[in-house]
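Chain residues, written in single-letter form:
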Amino acid sequence: MKIPLTQILCDGNIRKQFDEAQIEGLAQTMSLLGQQVPAKGRMVDGKCVLTDGMRRFLAARKLGWESLEVDLEEGELNEGDLLHRQLVLNCQRSDIPALDKARAIARLMEVTGCNASGAASRLGMSNATVTRLLSLLELPEEVQRQVESGKLAASTAYELARVSDPARQSAMVEAAKQGNLTRDAVTAQRKRASRPVAKPSQPVSRTSLSLGESRTLTVASPDLSLESLVSLLEELLGKCRKARSHGWELGTLVRALRDQSKA
C-alpha cells in the first residue's frame, strides 16, 4: 500500500542515528531500481509508524518521493506493543547503535512495567546483554555523546559504567577519548580499584623466654606485656590440655592452631 510520506511518523522509530553514506547509497539504488522491498508499519492514531524500513523512508524523502510502499499490519498497537515489535525486528541487528537499543528497551520497560529480565525474555536477548545496554544510560550525558559520535567504543563504555567513582570514571573517559585506554585496560583498572585496601599491620612485639636446659619460648603480640603474656600462656595451656584429652600429637595441635589463625 502506498502511504504518503507526510503520513509517516519519523519520531516513533527506535533508531535515532543513521549512516548518511548508507542512506545516500540506498537512495541511488532506489532511484535506479525502485523500492524493491516494502516497509512494514502499523497505524497509530491515524498515522503510519514504521516497524521496519526507516532507511527506505529516509532514502525516499531524499529522492523527493511523495509516498512509500508499506505493508500495513491490521489493527492498532499501543506504545508498548509497538516498541516490542520494533525491538524484536531491530535489536538483533549489529548496525543499530547501542544507545538507541538501550533507550528503546528502557522505554519498553517504562510503558509495560516489566523489569530488565522480563524485557530480555520478551526480546529474545540474554539478561547480561540487556543489563550492559541499560548501563550505558547511567553514564553522564557527555560520555553518552562520545559513544554516539563514535569517539568512545560501546564496549569500553560498558566497562566505564561499572566504575563507581565519578572522578576516576571521568579520568578514564578522557584517557579513552585520546586512545590511551582500551576496554581491557578499563576492566583492569576497575578491578584494581575495587580491591579492598589492606589495613596497615600493627607493630608486633616479640620476646623470647629462656626456661633453662636449652628450652626457649618465643611469644609475639601487638600489645605484649606481662599481663598479656600471662593471658596468652593460660589460653595456650588450655588448648594444649584439650588436645591431649583428644589424644592429639603435637604436630596435629600446631596445624590446628595455624588453620584457626587463617580462618
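Peer 1: Which residues make up the overall build of the chain, and what are the values?
Peer 2: Assigned secondary structure in the chain consists of 12 helices and seven strands. Residues classed as buried in the chain amount to 32% of the 263 residues present. Counted over contacts in the chain with a minimum sequence separation of 6, partners at least 24 positions apart contribute 62%. With an accessible surface of roughly 16400 Å², the chain has 51% of that area assigned to carbon and sulfur atoms.

Peer 1: Kindly report on the side chain of Glu159, identifying the contributing residues and their values.
Peer 2: Counting through the fold element by element, Glu159 comes out in helix α8 (residues 154-160). Judged by relative accessible area, which is 11%, Glu159 ranks as buried. With sequence-adjacent residues up to four places away left out, Glu159 is seen in contact with Arg183, Val186, Thr187 and Arg190.

Peer 1: Please provide a residue-by-residue account of the environment of Tyr158, values included.
Peer 2: Here Tyr158 is to be found in helix α8. For Tyr158, a relative accessible area of 17% gives the class buried. Tyr158 sits 28 residues away from Val186 along the chain, and the two C-alpha atoms are 9.7 Å apart. Once residues lying within four places of it in the same chain are set aside, the contact partners of Tyr158 are Ala98, Arg132, Leu133, Ser135 and Leu136.

Peer 1: Could you give an account of helix α6 (residues 127-135), with specific residues and numbers?
Peer 2: Considered for burial, the residues of α6 that qualify are Val130, Leu133, Leu134 and Ser135. Summarising the contacts, the buried residues of α6 are in contact with α4 (98-112), α5 (116-123) and α8.

Peer 1: I'd like a rundown of the packing of α4 against α6, residues and numbers included.
Peer 2: Packing of α4 against α6 leaves a shortest axis separation of 8 Å and a crossing angle of 100 degrees. Looking at the two axes, α4 sits roughly perpendicular to α6. Contacts between α4 and α6 pair Ala98, Lys101, Ala102, Ile105, Ala106 and Met109 from the former with Val130, Leu133 and Leu134 from the latter. Counted by class, the contact of α4 with α6 contains eight nonpolar, no polar and one charged residues.

Peer 1: Before we move on, could you go through the nonpolar core and cite the residues and values that matter?
Peer 2: By size, the foremost hydrophobic cluster in this structure holds 31 residues, and its most contacted members are Ile105, Leu133, Leu136, Leu139, Leu152 and Leu160. Of all elements in the fold, only α3 (79-90), α4, α5, α6, α7 (141-149), α8 and α9 (166-177) reach the threshold of two or more residues within this core. Leave out the neighbours within four places in its chain, and Leu152 touches Val143, Gln146, Val147, Ala157, Leu160 and Ala176. Membership of the second largest hydrophobic core comes to 16 residues, among which are Ile3, Phe57, Ala59 and Ala60.

Peer 1: Requested: an account of the pattern of salt bridges, with residues and values cited.
Peer 2: Applying the stated criterion across every chain yields a total of nine salt bridges. For the salt bridge of Lys62 with Glu20, the shortest nitrogen-to-oxygen distance reads 2.9 Å. Remark: Glu20 occurs in helix α1 (residues 20-33) and Lys62 occurs in helix α2 (residues 54-63); sequence separation between them is 42 residues. Exposure remark for Glu20: the relative accessible area of 48% places this residue in the partly exposed category. The closest approach of N and O atoms between Glu110 and Arg107, which form a salt bridge, is 3.0 Å. Residue Glu110 and its partner Arg107 are located together in helix α4, separated by three residues, close to a single helical turn. Here the residues in one salt-bridge network are Glu20, Glu24 and Lys62, joined through shared partners.

Peer 1: Break down the pairing of strand β3 (residues 39-44) for me, citing the residues and quoting the values.
Peer 2: Across five bridges, the pairing between β3 and strand β4 (residues 47-52) is antiparallel. Bridge pairing in β4 links Lys40 to Asp52. Between the antiparallel neighbours β3 and β4 lie two residues, among them Asp45 with a positive phi of about 55 degrees.

Peer 1: Give a description of α1 that names residues and reports values.
Peer 2: Along its 14 residues, α1 runs 20 Å from first to last C-alpha, staying within 8% of the 20 Å computed at 1.5 Å per residue. Of the positions making up α1, those classed as buried are Ile23, Ala27 and Met30. Buried positions in α1, seen along its axis, are confined to an arc of 70 degrees and lie on one side of it. More than 90 degrees from the buried face of α1, the exposed residues found are Ala21, Leu32 and Leu33. Considering only its buried residues, α1 is in contact with α2. Positioned one or two residues after α1, Gly34 has a phi angle of 80 degrees, which is positive.

Calculation rules
- Residues numbered from 1 in each chain as written.
- Predicted model: local features only at pLDDT ≥ 70, side-chain atom pairs only at ≥ 80, totals over all residues.
- Heavy atoms only, no water.
- Helix = DSSP H or I, 4+ residues; strand = E, 2+ residues; numbered from the N terminus.
- Buried < 20%, exposed > 50% of the residue type's maximum accessible area, 1.4 Å probe, protein only.
- Contact = heavy atoms within 4.5 Å.
- Areas by Shrake-Rupley, 256 points an atom, 1.4 Å probe, with all protein chains shown as cover.
- Axes fitted to C-alpha atoms, helices over the stretch in contact; angles between N-to-C directions.
- Parallel < 35°, antiparallel > 145°, perpendicular 65-115°, else oblique.
- Nonpolar A, V, L, I, M, F, W, Y, C, P; charged D, E, K, R; others polar.
- Core = buried A, V, L, I, M, F, W, Y, C linked by side-chain atoms within 4.5 Å.
- Salt bridge = Lys/Arg side-chain N within 4 Å of Asp/Glu carboxyl O.
- Pairing = 2+ DSSP bridges.
- Expected span 1.5 Å × (residues − 1).
- Arc of directions from axis to C-beta.

The values reported here are purely geometric and, on their own, carry no functional implication.
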